[in-house]
Amino acid sequence: MSPTSHLDDVYYDPYDFSIDADPYPVWRRMRDEAPLYYNEKHDFYALSRFEDVERALTEWGTFLSGRGTLLEIIKANVPIPSGNILFEDPPVHHAHRGVMARVFTPKKMNALESKVREFCGRSLDPFVGTAGFDFIGDLGTHMAMRTIGYLLGIPEEDQEAIGSLFDDNLRIEDPDNPRPPDIGIDGAFVDYIEWRSEHPSDDLMTELMNAEFEDETGAVRTLTRDEVIAYINLLAGAGNETTARLVGWAGKLLGEHADQRRELAADRSLIPNAVEEVLRYEAPSPVQARYIERDVEQHGQKIPAGSVVLLLNGSANRDERRFPDPDRFDIHRSVGRHLGFGYGIHHCLGAALARLEGRVALDEVLQRFPDWEVDWDNAVQARTSTVRGWEKMPVLIG
Ligand code: HEM
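For clarity, every value in this text was computed on a predicted model and none was experimentally measured.

Undergrad: Would you mind showing me how to read the overall build of the protein here?
TA: Within the protein, the regular secondary structure consists of 16 helices and 14 strands. Its C-alpha atoms give the protein a radius of gyration of 21 Å, near enough to 21 Å, the size a compact globule of 398 residues would have. Its C-alpha atoms put the protein at 60 × 55 × 35 Å along the principal axes. For the protein, the share of sequence-separated contacts (at least 6 apart) that also reach a separation of at least 24 residues comes to 71%. Summed over all atoms, the accessible surface of the protein reaches about 16200 Å², with 50% contributed by carbon and sulfur.

Structure representation (structure tokens):
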């Protein structure tokens, strides 16, 4: 029996943007009625319950990342450049992640706070006394791009072009024919790496170029030029869009929950927990694809070798088996562990930075604009393959 044979009416399609606007009713039905779901049109399986997603994320020897972690990348069999740790499995992943983790510590990230504040202030100050601003276009995108650009030592005047390159890259233009994003080595970064290798500095790019590590063969070496480029591509890709979406979701949710927003404005020490609740409630990266190399069994059904399984961490975060009253947004909730940053060996390396950025952005907004409501006439849903959220989240602050 195929997993969907008696459940034809539960339908989840990650490229259907009407579902993506509010996937939670479908995901709830999947958790209840089809915990192992199969989609015939795009030929993928999906796991949606917290405990299943969490377990699959730890079983990296079965649920592989090495062919990519986006459905359309795996399907198109796109060649994966070495150094992009998101798309690597152990032992290579372990060796590469080790280098990155060394130069990407929570301590270093927290030292960035004053810079992130400065970036937010520069974005927000021009809107004081105006009718409104866009949480994405005027704040989230700038802050994320400036922060990662500063970390990497990319000159400010070049950051804008690089940020939009990544945003456009992830956009799905034709849902019936989803093309994989370009994960190849990008010309813009090649130039920076060349330039930086001749002008070393104290930035992350220089550190990455000089870091020695033991590779999967046991040899001690530094990263190749191509590996550095793949790393930096990944950082700029993973760190820009997700963080901007997080800020957008915070703008939307607090625009809709005026009472909770007022509480936050009155007591800004509640902000870190509010950010955690936003990450749980509207995970900006809610779907992680994995490739199965051998037959596996889930919920009594066989998933044949060669299949793609979508791990719906966004659904897991709303699993009533784990979170009481999961569809209620509550800045006071003791969120505990959620899967908004994934779990296991691929757990988001930028989590500390993302949390910092989310916290500082909200703090800087609330200091200037304690009141806002969403300008729904001008809000635009993002159409990306993996990062869920808003392309425009304008608010009225009058
Ligand atoms: C991995 C989410 C911000 C860098 C991940 C994963 C998730 C995630 C779910 C795991 C993917 C998987 O299991 O296949 C997010 C969210 C963010 C965010 C929701 C913002 C709200 C950032 C930032 C950076 C970053 C700011 C860096 C500047 C990475 C890297 C990985 C990763 C390098 C790959 C780790 C590995 O494969 O070992 N992120 N991320 N992320 N993230 Fe983030």
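Undergrad: Explanation requested: the coordination of the iron atom of the ligand in the structure shown.
TA: Ideal coordination angles are 109.5 degrees for a metal with four donors arranged tetrahedrally and 90 or 180 degrees for a metal with six donors arranged octahedrally. There is one protein donor for the iron atom of the ligand, namely Cys348 (SG), at 2.3 Å. Within the secondary structure, Cys348 is located in the loop between helix 15 (313-316) and helix 16 (351-368).

Undergrad: Whenever I open this one, the sheet that holds strand 11 (residues 373-374) confuses me. Can you help?
TA: Consider a sheet: its strands pair through backbone hydrogen bonds, and that pairing is either parallel or antiparallel. Taking strand neighbours across the sheet as the criterion, the 3 strands line up as 4-14-11 in an open arrangement whose pairing is antiparallel. The open sheet terminates on both sides in strands that have one partner only, identified here as strand 4 (132-134) and strand 11. One ladder, built from 3 bridges, connects strand 4 with strand 14 (residues 394-396); its direction is antiparallel. If you follow Phe133 over to strand 14, its bridge partner there is Val395. Contacting strand 4 and strand 14, helix 8 (residues 135-152) runs over the sheet at an angle of about 55° to strand 4.

Undergrad: Please clarify how the pattern of salt bridges should be interpreted in this entry.
TA: Side chains that carry opposite charge are capable of pairing whenever their charged atoms lie near each other. Enumeration over the complete set of coordinates arrives at 43 salt bridges. Taking the shortest distance from any N to any O, the salt bridge between Arg388 and Asp20 comes out at 3.9 Å. Of this pair, Arg388 sits in the loop between strand 12 (380-381) and strand 13 (390-392) while Asp20 sits in helix 1 (residues 17-21), placing them 368 residues apart in sequence. Of the residues examined, Arg388 reaches a relative accessible area of 3% and is grouped as buried. Note on Asp20: relative accessible area 16%, which makes it buried. Because the salt bridges share partners, they merge into one network encompassing Asp20, Arg28, Arg31, Asp32, Glu282, Arg318, Asp319, Glu320, Arg321, Asp327 and Arg388.

Undergrad: Whenever I open this one, the packing of helix 8 against helix 16 confuses me. Can you help?
TA: Each pair of packed helices can be described by the angle between their axes along with the distance between the axes. At a minimum axis distance of 11 Å, the contact between helix 8 and helix 16 shows a crossing angle of 135°. On the basis of their axis angle, the class for helix 8 and helix 16 is oblique. When you trace helix 8 past helix 16, the crossing you get is right-handed. Contacts from Phe135, Leu139, Met143, Ala144, Thr147 and Leu151 of helix 8 reach helix 16 at Leu353, Glu357, Ala361 and Val365. When the residues that make up the contact of helix 8 with helix 16 are grouped by side-chain class, the tally is 8 nonpolar, 1 polar and 1 charged.

Undergrad: Is there a simple way to explain unusual backbone geometry in this structure?
TA: The bulk of non-glycine residues show a negative phi, and the bulk of peptide bonds are trans. That bond from Pro90 to Pro91 is cis: its omega, 5°, falls within 30 degrees of zero. Of note, Pro91 is situated in the loop between helix 4 (71-76) and helix 5 (92-103). With phi around 55°, Asp43 is a residue other than glycine that occupies positive phi space. Along the chain, Asp43 turns up in the loop between strand 1 (36-39) and strand 2 (44-47). With a relative accessible area of 38%, Asp43 lands in the partly exposed category. Backbone geometry places Asn77, a non-glycine residue, at a positive phi of 55°. Positionally, Asn77 belongs in the loop between helix 4 and helix 5.

Undergrad: Got a minute to help me understand the site of the ligand in this structure?
TA: The ligand sits among 30 residues. The nearest are His93, Arg97, Arg290, His346 and Cys348. Within the backbone of Ile345, one N or O atom sits 3.5 Å away from an oxygen atom of the ligand. The separation between an oxygen atom of the ligand and a polar side-chain atom of His346 is 2.6 Å. By residue number, the principal contributor to the shell around the ligand is helix 12 (residues 225-256), which donates 7 residues. A per-class count over the shell around the ligand returns 17 nonpolar, 11 polar and 2 charged.

Definitions and limits used
Residues numbered from 1 in each chain as written. Predicted model: local features only at pLDDT ≥ 70, side-chain atom pairs only at ≥ 80, totals over all residues. Heavy atoms only, no water. Helix = DSSP H or I, 4+ residues; strand = E, 2+ residues; numbered from the N terminus. Rg over C-alpha atoms; globule rule 2.2 N^0.38 Å. Contact = heavy atoms within 4.5 Å. Areas by Shrake-Rupley, 256 points an atom, 1.4 Å probe, with all protein chains shown as cover. Donors = N, O, S within 2.8 Å, 3.2 Å for Na, K, Ca; no water. Pairing = 2+ DSSP bridges. Axes fitted to C-alpha atoms, helices over the stretch in contact; angles between N-to-C directions. Salt bridge = Lys/Arg side-chain N within 4 Å of Asp/Glu carboxyl O. Buried < 20%, exposed > 50% of the residue type's maximum accessible area, 1.4 Å probe, protein only. Parallel < 35°, antiparallel > 145°, perpendicular 65-115°, else oblique. Left-handed = near helix turned anticlockwise from the far one by under 90°. Nonpolar A, V, L, I, M, F, W, Y, C, P; charged D, E, K, R; others polar. Near = heavy atom within 4 Å. Polar contact = N/O pair within 3.5 Å; in protein donor to acceptor, adjacent residues only side chain to side chain.

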